[in-house]
Every structure is written in C-alpha cells, then in structure tokens.
Amino acid sequence: MGEWRPDVLGEGFEQQTLPLGRDPEGEVCATLVRSRPHPGARLFGELRDVDVLYVHGWSDYFFQTGLAGFFTERGARFYALDLRKYGRSLRAGQSPGYVAALDVYDADIAAARDAMGTAREGRRLMLVGHSTGGLTLTLWAARHPGAADALILNSPWLELQLGPIGRQALAPLVNARARIDPLGTHPVVDLGFYTRAQREVGTLPESPDGWRPPQGFPTHPGWLAAVIAGHARVASGLDVGCAVHVLLSARSTTALTWSDAMLSSDSVLVVDDIARAATRIAATVTISRVDGALHDVFLSAPAAREAAYAALASGLR
C-alpha cells in the first residue's frame, strides 16, 4: 500500500499518490485524497459501511471540504480522486486534463479502489461525480456492473451544449481533426464567468497555481472527440446497474456576456438537455432540480447550497 501524507486542504485530509506508469508525456499518476469520519459516526452513522469516491470535473480538482463533511458526519469514509494531469496529479510538461479516451480513467479508478480497500473489506461503494467526472463515472459504472451501489451526479456533462443534433453534426469534424492533430488548439470559449460567479457567492477558495485557471484548461481535438464519444454512448442508452440521483440547477444561462443571473443558474451546461440525457443511464433515475444553483450545486449561494444538501440527504434516505 502507498503512503498517506498531509494534504493541501489541511487538518482532517490526507493524500496518496497512485503511480500509473507512463504515457507519451512521461510519468503519470493520480492522487487519492481521504477524510475519515469521527469515531462516533464511524460506529453509528447511517453510512458507516459506505465508502464514497468523488471525481471532479474539467479543469478542476478536489477542494469541496463541505461535501466531504456531509458524508463523514454520516459515518462514511470519504475519498476524492484527482485524475491524471489534474490538480495534485498534474506534472510539468503535461497537457492539463488531456486524454484521448475516457476509459483510460479505468486505471485511475482501479488504483483508487485498491487503495481504498472497499471490496476487500466488504463495504458499499457510492460514486459521486461532478460535470465531466459525472460522465466519466457513468461510463465506468456501465462498464463495471455491480461494482457501485449508488451513483450521485452533480450537474453531469451527459450531453454537449449544442444538444443531440448539434453533437451529431459536429462529431465527424471533431473526429477527423482528432485523427490528424489530437493535441491541436481550440479557440478559448470559457470567458471566466463561472469562476466569477463562484467568487461572488463566496464558495471558491484560492487554488494552487495552475490547478484551476479562471478560464479553464486549453482544450484539444483528441479530448473533445473522447467526450463526444461518451455523450453518444449515453444517448444510445446505458445501464449503470445501481441507484442514480442527479442534482441540477433549475435553469441555465448562456455564457456570452456577464449577467447577475449567472449567480443563481448553471452557466456551463444546458440543464434541460442534461436532465433528458440522465433518463438514459438507468431504469430508475431521481432528478433533483435546485432553484438558484450554480453548475456545481454544492458551491452555490447559501440558500441553494442548503437546498442541494437537503435533496442529497433525502435521496440517501
């Protein structure tokens, strides 16, 4: 087993590096962060036999200490995974966040599960994914039926912002460029409004340099082709084989110019399209629409954040 050491989040959090070999950009690793429940909650909490594994979204890393506390206060062991080339796992000379296929992350998740010891100890596994992490975990659960006992998705990126017709029209162009120039550059489309919204509502802490740039990581054709392929698999219908709870904002805002509506809506995804796509990933899916929520519903302003946690608690019951 690897070594646990103090994490950048401070007291109560530890991290472990998970070596994953090499790729064309050099040595690759993931990083597992953990937070343990209080002794009383570990013995008597409703989730005392549960391990939670959280996976972040695009251009992101784990810093949501409030989310960890929600689960540890109920007795769960909480773990979060910074995937390869993100946050704690990003190394000099690497293309941030880049993969050419989302199933590459099977190795990251396998290493995390081994370090967690969930299966060895006969504990239940609850997966929690945000945005691109929600797409990644949805596809992983469908490829590993029976591995997870519950899937919680926080604004999962299950469909392209252009919608199904736009995705189908764009896919051949993206795939053609991905074959020729997978690491080519795309125009910057993130104007930093989502970061501004989080800062204005007071839920975004200062990040270590390069871990969460205000306008996101550069995107590349190979990566976008991988995401669109994931969206196509969702659209064709999946079965993740476990209970699913999706949390979304009640509304979206087009992120072309700043407006105060971005302080109480999802300015990243088209939430109505995500809600429709979510119905294709399991036989039974609970969808909670949270009025006033941001793209990360647990980083919203206080009233919406409290409503998101209340919806999550209700879903767990």
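This section reports on the structure supplied with the text. (Residues numbered from 1 in each chain as written. Predicted model: local features only at pLDDT ≥ 70, side-chain atom pairs only at ≥ 80, totals over all residues. Heavy atoms only, no water.)

**A few points about the overall build of the chain**
Next up, step 1: Within the chain one finds nine helices and nine strands.
Next up, step 2: Computed over C-alpha atoms, the radius of gyration of the chain comes to 18 Å, within 12% of the 20 Å expected from 2.2 N^0.38 for 317 residues, which places it in the range of a compact globule.
Next up, step 3: When the backbone C-alpha atoms are referred to their principal axes, the chain occupies close to 55 × 45 × 40 Å.
Next up, step 4: Evaluated residue by residue, the chain yields a buried proportion of 55% over its 317 residues.
Next up, step 5: Excluding contacts between residues fewer than 6 apart, the proportion of contacts in the chain whose partners are at least 24 apart in sequence is 73%.
Next up, step 6: Put simply, the chain shows about 13400 Å² of open surface, and 55% of that area lies on carbon and sulfur atoms.
Next up, step 7: Across the chain, the centroid of the 30 positively charged side chains sits 3 Å from that of the 33 negatively charged ones. (Helix = DSSP H or I, 4+ residues; strand = E, 2+ residues; numbered from the N terminus. Rg over C-alpha atoms; globule rule 2.2 N^0.38 Å. Buried < 20%, exposed > 50% of the residue type's maximum accessible area, 1.4 Å probe, protein only. Contact = heavy atoms within 4.5 Å. Areas by Shrake-Rupley, 256 points an atom, 1.4 Å probe, with all protein chains shown as cover. Lys, Arg positive; Asp, Glu negative; His and termini not counted. Charge placed at Lys NZ, Arg CZ, Asp CG, Glu CD.)

**Brief notes about empty space enclosed by the protein**
Next up, step 1: If you walk through the whole model with that rule in mind, you get one cavity of 30 Å³ or more.
Next up, step 2: Approximately 50 Å³ is the volume attributed to the largest cavity.
Next up, step 3: Along its surface, the largest cavity is lined by H56, G57, L83, Y86, L102, Y105, T132, G133, T136 and W223.
Next up, step 4: Counting residues per element, the lining of the largest cavity draws most heavily on helix α4 (residues 132-143), which supplies three residues.
Next up, step 5: Counted by class, the lining of the largest cavity contains five nonpolar, five polar and no charged residues. (1 Å grid on protein atoms, 1.4 Å probe; cavity = no way out; pocket = protein on both sides within 12 Å on 5 of 7 lines; lining within 4 Å. Points joined across faces, edges and corners; volume = space filled by probe spheres on them. Nonpolar A, V, L, I, M, F, W, Y, C, P; charged D, E, K, R; others polar.)

**Here's the deal with the pattern of salt bridges**
Next up, step 1: Tallying each qualifying case throughout the model produces 22 salt bridges.
Next up, step 2: The partner of D291 in a salt bridge is R251, with the nearest N and O atoms 2.9 Å apart. Taken together, the residues span a long stretch of sequence, with D291 in the loop between β9 (285-290) and α9 (302-316) and R251 in the loop between β8 (243-249) and α8 (271-278) at a distance of 40 residues. (Salt bridge = Lys/Arg side-chain N within 4 Å of Asp/Glu carboxyl O.)

**Details of the side chain of R34**
Next up, step 1: Considering the arrangement of structural elements, one finds R34 in strand β3 (residues 26-35).
Next up, step 2: A distance of 2.7 Å separates a polar atom in the side chain of R34 from a polar atom in the side chain of E14.
Next up, step 3: Not counting residues up to four positions away in its chain, the partners in contact with R34 are W4, G12, F13, E14, F78 and Y79. (Polar contact = N/O pair within 3.5 Å; in protein donor to acceptor, adjacent residues only side chain to side chain.)

**Focus: the sheet that holds β3**
Next up, step 1: Taken together, nine strands build an open sheet; the order of strands is β1-β2-β3-β5-β4-β6-β7-β8-β9 and the sheet is mixed. Each edge of the open sheet is held by one strand with a lone partner, namely β1 (5-6) and β9.
Next up, step 2: Relative to strand β6 (residues 124-130), strand β4 (residues 50-55) runs parallel, the two being bridged by six bridges. When the bridges of β6 are listed, V55 appears paired with G129.
Next up, step 3: Seen against the sheet, α8 touches β8 and β9 and runs at an angle of roughly 165° to β9. (Pairing = 2+ DSSP bridges. Axes fitted to C-alpha atoms, helices over the stretch in contact; angles between N-to-C directions.)

**Some details on the environment of L204**
Next up, step 1: Position of L204 relative to the elements: it lies in the loop between α6 (193-201) and α7 (221-236).
Next up, step 2: As for L204 and L53, which are separated by 151 residues in sequence, their C-alpha atoms are 21 Å apart.
Next up, step 3: For L204, the residues in contact, after removing those within four places along its chain, are F63, T195, Q198, R199 and R212.

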